[in-house]
Amino acid sequence: MDYNLADLFESVADAVPGREALVHLDHPGTGSERRMTYAELDAAANRLAHHLLDSGIGPGEHVGLHLCNGVAYLQTLFACLKIRAVPVNVNYRYVEDELAYLYRDADLVALVFDAAFTAPVAAALPRAGRLRHLVRVGSPPAGAPEPRIAPVALADAQATGSAARGFAPRSGDDRFLIYTGGTTGMPKGVVWRQEDLFFSGLGGGAPTGEPVKRPGELAERVAAGGEGLVFFPTAPLMHGTSTLTALIAFGFGQKVVLHRKFAPEEALRTVARERVSSLSLVGDAMLRPLLDALAGPLRDADCSSLLSVSSSGAILSETVRAQFAALLPGVRLLNNFGSSESGFNGTATEDSGPERGFRLRVNDRTAVVDPATHRPAAPGETGRIAQRGHVPLGYYNDPHKTAETFFTAGGERWVLLGDMATAGADGVITVLGRGSQCINTGGEKVFPEEVEQALKAHPAVYDALVAGIPDARWGQRVAAVVQPREGADPPTPDVLQAHCRARLAGYKVPRTVVLTGRIHRSPSGKADYRWARRVAEGSL
């Protein structure tokens, strides 16, 4: 057995077949739920895998997962892995043109999609290139146009597929594709070997402990250990953070709880009902409404089972971290840092904040390097974050971007991330922000994340995004789009500028401030800087 994700999952399912693996609460609070043991989830994935094989989907071919959170997502993921097909996450917020681009760019030959998305799938299909097979989950809305390729109902696909395995041997070289981006440009696919993803994204079967030294050791650990941990990835599985969280939980032989979509109050009820141990989310956009619910209508929610709450993909503000500490003092808050291109890099230090910056204690595979020479940066020098060792093979269908991002040094392969940082002498780096979003105002560099942190420290600010907009004198000016906190008096631009001026250098203070009813973010909480730029420019 190799470090292959399907092999590893099957070994765990064989070790603890009767243990509960998955709970899906389709409409929390209504009693609508589905529970599956490891054996049942494995059999469901086998049935769909055989259907895909019988439909002509072979090893190396790409299958899209255009789905909300639920059993079907993880069932399809494992079905693809079992037959050595490559699962491809599809952002369900994409509109027709974006979907057509992704379907085509990813060379999808099959698509498993939620019936709620029938209309956009049908619209994008004529430009989908090689896509030839559809599986639909659920019943389409009344009046939705049917795709030109007749979809097979998931129930029918399962009925014809065998529950047994009987698949060809697999390899740690089998591929796993994570599409990322779309908020700063067109989406791009990160190509991983499964063995590399297992160690970089899943911690080698033990993210907080000693990685396994051989594939069979994973199931041995599960068999020797107990159950009782419950993982609750609240962000969409279509984003790498939640999928990797679920795979980590399965690697421990523990239970995963899913909601179709994130609803703060229902999430807290589920924490109490399912005795959730570990909850994962993305940034302030998800944690802040959860804490507001806990401070308000759900103040009596039982969170005694919670051991940790982790965030990745977006930086948690100091204000939200302080609110968390006050409401959940016995729960560990992990402000993690990672990406689709690197997996996990490190965790923020306790003293991270507007005064000292976003300080990150990184693993020994992460460094700050000069982006031109790839030389490690000396303490105090600024460069880009890079990771060595178990890194992706590159970007799918993009050799130019691959050559820009991946390099070899010291006999090891490295990936160069988009985040700028300053190297530290104590093994801690200070993350400045995404280089692609850096604002150049009169020759001074301003990273939006730093200004956003300062803005969100104001008690009347609920959320904020910062972007650079054209300026006749300075080239670019710093602009902020701010969502006031509900129930608070909306802060004036002058008040927010004065607040920032007390925390930031003058050139970093937003010269344009626009108030909005709601900040636009992805379903996982990631920033939509294109939207923020349009809003700020429209105010001029």
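See the structure above.
Because the structure is a prediction, the values reported are computed rather than measured.

A few words now on the overall build of the chain. Within the chain one finds 16 helices and 27 strands. Relative to its length of 540 residues, the chain is compact, with a C-alpha radius of gyration of 23 Å against a globular reference of 24 Å. Along the first, second and third principal axes, the C-alpha set of the chain runs to 65 × 55 × 50 Å. The proportion of buried residues among the 540 residues of the chain is 58%. Sequence-distant contacts, at least 24 apart, represent 66% of the contacts inside the chain between residues at least 6 apart.

For the rest of this paragraph, the subject is the pattern of salt bridges. As enumerated under the stated definition, the model contains 38 salt bridges in all. Here Lys 255 ties to Glu 274 by a salt bridge, and the two come within 3.4 Å at their closest N and O atoms. Of this pair, Lys 255 sits in strand β11 (residues 255-259) while Glu 274 is found in helix α10 (residues 264-274), placing the two residues 19 residues apart along the sequence. Among the salt bridges present, the one from Asp 471 reaches Arg 477, with a minimum N-O distance of 3.0 Å. Within the structure, one salt-bridge network assembled from shared partners comprises Asp 7, Glu 10, Asp 14, Asp 42, Lys 82, Arg 165 and Arg 170.

With that settled, consider the state of the cysteines. What makes a disulfide is a covalent bond joining the sulfur atoms belonging to two cysteines. Evaluated as defined, the whole model comprises zero disulfides. With no disulfide partner, Cys 68 has as its closest neighbouring cysteine sulfur the one in Cys 80, 17 Å distant.

This paragraph deals with the nonpolar core. If you look at soluble globular proteins, the nonpolar side chains tend to sit buried side by side. Judged by nonpolar contacts, the single largest core of 105 residues is most densely connected at Tyr 103, Leu 111 and Phe 250. Among the elements that line this core, the one with the most residues is helix α3 (residues 71-82), at nine residues. If near-sequence neighbours (up to four positions away) are discounted, Tyr 103 is found in contact with His 66, Val 90, Leu 108, Leu 111, Val 121, Ala 124, Ala 128 and Leu 131. If you look at the next biggest cluster of nonpolar residues, it comprises 30 residues, including Val 257, Leu 291, Val 320 and Leu 328.

For the rest of this paragraph, the subject is the sheet that holds strand β27 (residues 512-515). Reading across from one edge, β25-β26-β27 is the order of the three strands in this open sheet, with mixed pairing throughout. The open sheet has two edge strands, β25 (461-471) and β27, and neither has a second partner. Adjacent strand axes in the sheet meet at a mean angle of 25°, parallel and antiparallel pairs treated alike. Bridging between strand β26 (residues 475-484) and β27 involves four bridges; their strand directions are parallel. Each bridged residue has a counterpart across the sheet, and for Ala 480 the counterpart in β27 is Val 513. Of the strands in this sheet, β25 and β26 touch helix α14 (residues 448-456), which is tilted by about 140° from β25. Against the sheet, helix α15 (residues 493-501) contacts β25, β26 and β27, and its axis sits at roughly 125° relative to β27.

This next bit is on the packing of α3 against helix α9 (residues 240-251). In the contact formed by α3 and α9, the axes pass within 12 Å of each other and the chain directions differ by 75°. Judged by the angle between their axes, α3 and α9 are roughly perpendicular. Only Thr 243, Ala 246, Leu 247 and Phe 250 of α9 make contact with α3, whose side of the interface consists of Tyr 73, Leu 74, Leu 77 and Phe 78. Across the contact of α3 with α9, the residue classes break down as seven nonpolar, one polar and no charged.

Since there are 3.6 residues in each turn of an α-helix, residues three or four apart along the chain are aligned in direction. Along its twelve residues, α3 runs 16 Å from first to last C-alpha, staying within 8% of the 16 Å computed at 1.5 Å per residue. For α3, a buried count of twelve out of twelve residues is recorded, marking the element as mostly surrounded by other parts of the structure. Taken residue by residue, α3 has Val 71, Ala 72, Tyr 73, Leu 74, Gln 75, Thr 76, Leu 77, Phe 78, Ala 79, Cys 80, Leu 81 and Lys 82 as its buried positions. Immediately beyond the C-terminal end of α3, within one or two residues, lies Arg 84, with a positive phi of roughly 70°.

Turning our attention to the packing of aromatic side chains. Evaluated as defined, the whole model comprises 13 aromatic pairs. For the pair Tyr 395 and Phe 406, a centre-to-centre distance of 5.8 Å together with 65° between the ring planes defines the contact as edge-to-face. Of the two residues, Tyr 395 is situated in strand β19 (residues 394-395) and Phe 406 in strand β20 (residues 406-409); the sequence distance between them amounts to eleven residues. Exposure class is identical for Tyr 395 and Phe 406. Each is buried.

With that settled, the discussion passes to unusual backbone geometry. Backbone geometry at Arg 84 places phi at a positive 70°, although glycine is not the residue there. Residue classification places Arg 84 among the partly exposed residues on the basis of a relative accessible area of 31%. Phi is positive for His 374, which is not a glycine, with a value near 65°. Overall, His 374 belongs to the partly exposed group, its relative accessible area being 26%.

So, about the environment of Arg 93. Relative to the helices and strands, Arg 93 resides in the loop between β4 (86-89) and α4 (96-105). Through-space distance from the C-alpha of Arg 93 to that of Ser 522 is 7.9 Å; in sequence the pair is 429 residues apart. At 2.3 Å, the side chain of Arg 93 and the backbone oxygen of Arg 521 are in polar contact.

Burial of the side chains of strand β12 (residues 278-281) extends over both faces: Ser 278 and Ser 280 are buried on one face and Leu 279 and Leu 281 on the other. In the sheet, strand β10 (residues 230-233) pairs with β12 via three bridges, with the strands oriented parallel. Paired with Phe 231 across the two strands is Ser 278, which belongs to β12. Note: β12 against strand β13 (residues 308-311), four bridges, orientation parallel. In the strand pairing of β13, Ser 278 is matched with Ser 308. For the crossover that starts at β12, traverses helix α11 (residues 283-295) and ends in the parallel β13, the hand is right-handed.

Reading the values: the criteria
Residues numbered from 1 in each chain as written. Predicted model: local features only at pLDDT ≥ 70, side-chain atom pairs only at ≥ 80, totals over all residues. Heavy atoms only, no water. Helix = DSSP H or I, 4+ residues; strand = E, 2+ residues; numbered from the N terminus. Rg over C-alpha atoms; globule rule 2.2 N^0.38 Å. Buried < 20%, exposed > 50% of the residue type's maximum accessible area, 1.4 Å probe, protein only. Contact = heavy atoms within 4.5 Å. Salt bridge = Lys/Arg side-chain N within 4 Å of Asp/Glu carboxyl O. Disulfide = S-S within 2.5 Å. Core = buried A, V, L, I, M, F, W, Y, C linked by side-chain atoms within 4.5 Å. Pairing = 2+ DSSP bridges. Axes fitted to C-alpha atoms, helices over the stretch in contact; angles between N-to-C directions. Parallel < 35°, antiparallel > 145°, perpendicular 65-115°, else oblique. Nonpolar A, V, L, I, M, F, W, Y, C, P; charged D, E, K, R; others polar. Expected span 1.5 Å × (residues − 1). Phe/Tyr/Trp six-rings, centres within 6.5 Å; stacked < 30°, edge-to-face > 60°. Polar contact = N/O pair within 3.5 Å; in protein donor to acceptor, adjacent residues only side chain to side chain. Right-handed = clockwise from strand over helix to strand, strands pointing away.

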